[in-house]
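Residue-level structure breakdown
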Amino acid sequence: MTTPLLNRRDPNGNCEALLQGKARESDNHHDLLFLPDEFKGSFASPEASELTEALLGMPRRVGESPGVCMDAAEAWENTFNSFPDAILLLDRSNRIQRLNRAAAELLEVVPEKTLGKFCYEVIHNADSPPEWCPHLKTVASGDPVSVETQDSLTGCWFRVTTVPCLDKTGRLTGTVHMMRDITERKQSEKALRDAHNRLDAIIEFLPDATFVLDTTGKIIAWNKAVEKMTGVRKAEMVQRGNYEHAIPFYGARRPMLADLILKPDQDLEVENYINLQWGGNELCGETYAPGAFGCRGAFLWSTASVLRDSGGKIVGAIESIRDITERKQAEEKRIALEQHLQRARKAESIGRIAGGFAHTFNNLIMAVMGNLELALIDLPQELKARTKIGRAMIASGRAAEINRLMATYVGQTVIEKVALDLCGVTRETLSLLSVTLPNSIRLVVQIPDDGPVVLADEESIKQILTNLVLNAIEAIGDRVGDIVVRVRSCEAGDLPEPKDLPLDRGFKECGYACLSVSDTGCGMDGAALESLFEPFYSTKFTGRGLGLPVVHGLVRTLDGEITVESQTGKGSQFRMFIPLAPRVTE
């Protein structure tokens, strides 16, 4: 039970007489006023504690003399009226027993005219107390009660506190009713809430995914953009710590930049970031988040910064995350395009050199072979030099064949393209090649009965297929393996983008037939694929290297395209796309 504030046998007796300057002698003056020391500090405000101290001294002074009693009453009255808070002394039935100057000024009343009136009549101009009345609650419970309420007319806010008054027997005789104007505090709180709400709205609707950590690493803000990026709602993430905010991004608990900038001196993982940049209170870096956007994955650029209070103390960290996947893909496409352009320029240069070489070499070899033939006509049959000249003629013929292959590589071969059954030519060629296959290699043929008709030259198709099969046999070597030959029709929309071509010309808007040769041989690495169609380039031994360049030249002569897919140790696949012959309408 609360310690008594005013202990009065008669509410209108000695204490009231004391306050009016008419105190009378009594039993050692104990029934005038009683307030034990343990009541100190029980009020809700420092001012109320001062009032308590003043009251504590009154019994001692009352016991000294009537003059001292008068002085004590005057001191109490002065103290009571000096309080900035409005204070009323109420009996159990809500009647006003006394009020100080602050209360009179606040309520705009004459103190003497309010004595004995109900407090709700004076304060609220009402016929009954409000439901939240703290006096009623204190009378009912015997405990101090504090409420905050707003005046409907002035809009001012007040903190109303009631403290019980008990007599010596512990019976509650009334309350001390204190009102403090807290309008300024309420306005400051509202301004703070409004500022917080504005900041929260700004963070909430930032286009970049943004979250905020407190100093313990717990999430205190999680905006809509990060909800969209992770699929995790704010309500599910706020107040979670232990790196749980990283799980939607990476599928595991690991520090993110906001964690790193909060603990820069700790040995935290940073290898997941590239281009990590420290700049004072800011940290930037690029990473790949496989869990972003429903595990679709995304490249992210993150920026983190510490948050400080008005005193400069770190109170948290904020991280902003931007999806840069499209930019990265555009960058990769740009690099791939530059590499394609470099290969195209390289192929063009090689083609020009090879074309000029073939033209010049052809003129020279024709002169050599012509003079050798004339020499054989003029020399006697029995002369031994004829044998040497004959050998020179054979070598010149081989040189002429190489020159013809060079001309084929640069597309200088003249061919006549006709409507051709690709499946029929493929079967015929494979029947001749099958007898040259080692027993360790199996030839798998996947050709439809009614195959596509292409616009091509039969000898060109046979040479393409022969070179590719021989290349596959050499790739498999002495090991056991398979060579698979397929023929199928495909539309322009089904065509893949050409890869690893020395010259990327793209596909035309027409139908194509696909002739593919796959093997389970040794395969090729990236460097080999880069130089695959260059003349005299070979991974086998010196002196070879015109088979695949000739294939490329023939495919190009047929207005087709060729793609290559290969991995070291996993074999290779060559696909030739040859235009279909126009359909003849009757």
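Structure's up top.
Report follows, based on the coordinates. (Residues numbered from 1 in each chain as written. Predicted model: local features only at pLDDT ≥ 70, side-chain atom pairs only at ≥ 80, totals over all residues. Heavy atoms only, no water.)

Notes on the overall build of the protein chain
Along the protein chain, the regular secondary structure elements total 19 helices and 18 strands. The buried share among the 586 residues of the protein chain stands at 44%. A separation of at least 24 residues holds for 57% of the contacts in the protein chain among residues at least 6 apart in sequence. (Helix = DSSP H or I, 4+ residues; strand = E, 2+ residues; numbered from the N terminus. Buried < 20%, exposed > 50% of the residue type's maximum accessible area, 1.4 Å probe, protein only. Contact = heavy atoms within 4.5 Å.)

Comments concerning the environment of Ile87
Tracing the sequence through the fold places Ile87 in strand β1 (residues 86-91). Among the residues examined, Ile87 registers a relative accessible area of 0% and is labelled buried. In sequence terms Ile87 and Val176 are 89 residues apart; their C-alpha atoms lie 6.9 Å from each other.

Re helix α16 (residues 422-433)
Compared with an ideal rise of 1.5 Å per residue, which puts twelve residues at 16 Å, α16 spans 16 Å between its outermost C-alpha atoms and is within 8% of the ideal. Listed as buried for α16 are Leu422, Cys423, Val425, Thr426, Thr429, Leu430 and Leu433. Angular distribution of buried residues about the axis of α16 spans 160 degrees; they occupy a single face of the element. (Expected span 1.5 Å × (residues − 1). Arc of directions from axis to C-beta.)

So, the nonpolar core
Counting residues in each nonpolar core, the largest one holds 37 residues, and the members touching the most others are Ile461, Ile464, Leu468, Ile483, Phe574 and Met576. Residue contributions to this core peak at eight residues, all from helix α17 (residues 458-476). The next biggest cluster of nonpolar side chains, apart from the first, holds 28 residues, and it includes Ala209, Ala246, Leu260 and Val306. (Core = buried A, V, L, I, M, F, W, Y, C linked by side-chain atoms within 4.5 Å.)

Thoughts on the sheet that holds β1
One open sheet accounts for five strands, arranged β2-β1-β5-β4-β3; its pairing is antiparallel. Only two strands of the sheet have a single partner each, and these edge strands are β2 (96-99) and β3 (145-150). On average, each strand axis in the sheet is tilted by 20 degrees relative to the strand beside it, whichever way the strands run. Bridge count between β3 and strand β4 (residues 157-166): six bridges; the pairing is antiparallel. Each bridged residue has a counterpart across the sheet, and for Ser146 the counterpart in β4 is Thr161. Sheet strands touched by helix α7 (residues 134-141): β1, β3, β4 and β5 (172-181). Its angle to β4, the strand with the most contacts, is close to 30 degrees. (Pairing = 2+ DSSP bridges. Axes fitted to C-alpha atoms, helices over the stretch in contact; angles between N-to-C directions.)

Regarding the packing of aromatic side chains
Counted under the stated rule, the structure contains five aromatic pairs. The interplanar angle of 10 degrees and the centroid separation of 5.2 Å between the aromatic rings of Phe118 and Tyr120 together place this pair among those described as stacked. Taking relative accessible area as the criterion, Tyr120 reaches 9% and is therefore assigned buried. Stacked on the ring of Phe118, the Lys or Arg Arg95 has its end atom at 4.1 Å from the ring centre. Lying across the ring of Tyr250, Arg254 places its NZ or CZ 3.6 Å from the centre. (Phe/Tyr/Trp six-rings, centres within 6.5 Å; stacked < 30°, edge-to-face > 60°. Lys NZ or Arg CZ within 6 Å of the ring centre and 35° of its normal.)

Details of α7
Of all the positions in α7, only Pro134, His135 and Thr138 are classed as buried. Down the axis of α7, the sector holding all buried residues measures 105 degrees, keeping them to one side. Against β1, β3, β4 and β5 lie the buried residues of α7. Once α7 ends, the next one or two residues include Gly142, with phi positive near 80 degrees.

Quick look at the pairing of strand β7 (residues 219-222)
Bridging between strand β6 (residues 209-214) and β7 involves three bridges; their strand directions are antiparallel. The residue of β7 that forms the bridge with Val212 is Ala221. As consecutive antiparallel partners, β6 and β7 are separated by four residues, and within that stretch Gly217 has a phi angle of approximately 90 degrees, a positive value.

Section: the environment of Ala395
Mapped onto the elements, Ala395 comes out in helix α15 (residues 385-409). On the basis of relative accessible area, Ala395 is assigned to the partly exposed category, the value being 45%. For the pair Ala395 and Met369, spaced 26 residues apart in sequence, the C-alpha separation works out to 9.6 Å.

Looking at the sheet that holds strand β10 (residues 298-308)
Judged by pairing direction, the sheet is antiparallel, and its six strands sit side by side in the order β7-β6-β11-β10-β9-β8 without closing on themselves. With one partner strand each, in any of the chains shown, β7 and β8 (274-279) form the two edges of the open sheet. Taken pair by pair, the neighbouring strands of this sheet meet at an average axis angle of 20 degrees, ignoring direction. Of the pairings in the sheet, the one linking β10 to strand β11 (residues 314-323) comprises nine bridges and is antiparallel in character. Across the sheet, residue Thr303 finds its bridge partner in β11, namely Ser320.

Things to note about the pattern of salt bridges
Within this structure, the stated rule accounts for 20 salt bridges. Residue Asp208 is joined to Arg322 by a salt bridge in which the shortest nitrogen-to-oxygen separation is 2.7 Å. Residue Asp208 is located in the loop between α8 (183-204) and β6, and its partner Arg322 is located in strand β11; the two are separated by 114 residues in the primary sequence. The exposure class of Asp208 is buried, given its relative accessible area of 17%. (Salt bridge = Lys/Arg side-chain N within 4 Å of Asp/Glu carboxyl O.)

Regarding the side chain of Glu204
Tracing the sequence through the fold places Glu204 in helix α8. If near-sequence neighbours (up to four positions away) are discounted, Glu204 is found in contact with Trp222, Asn223, Lys224 and Lys234.

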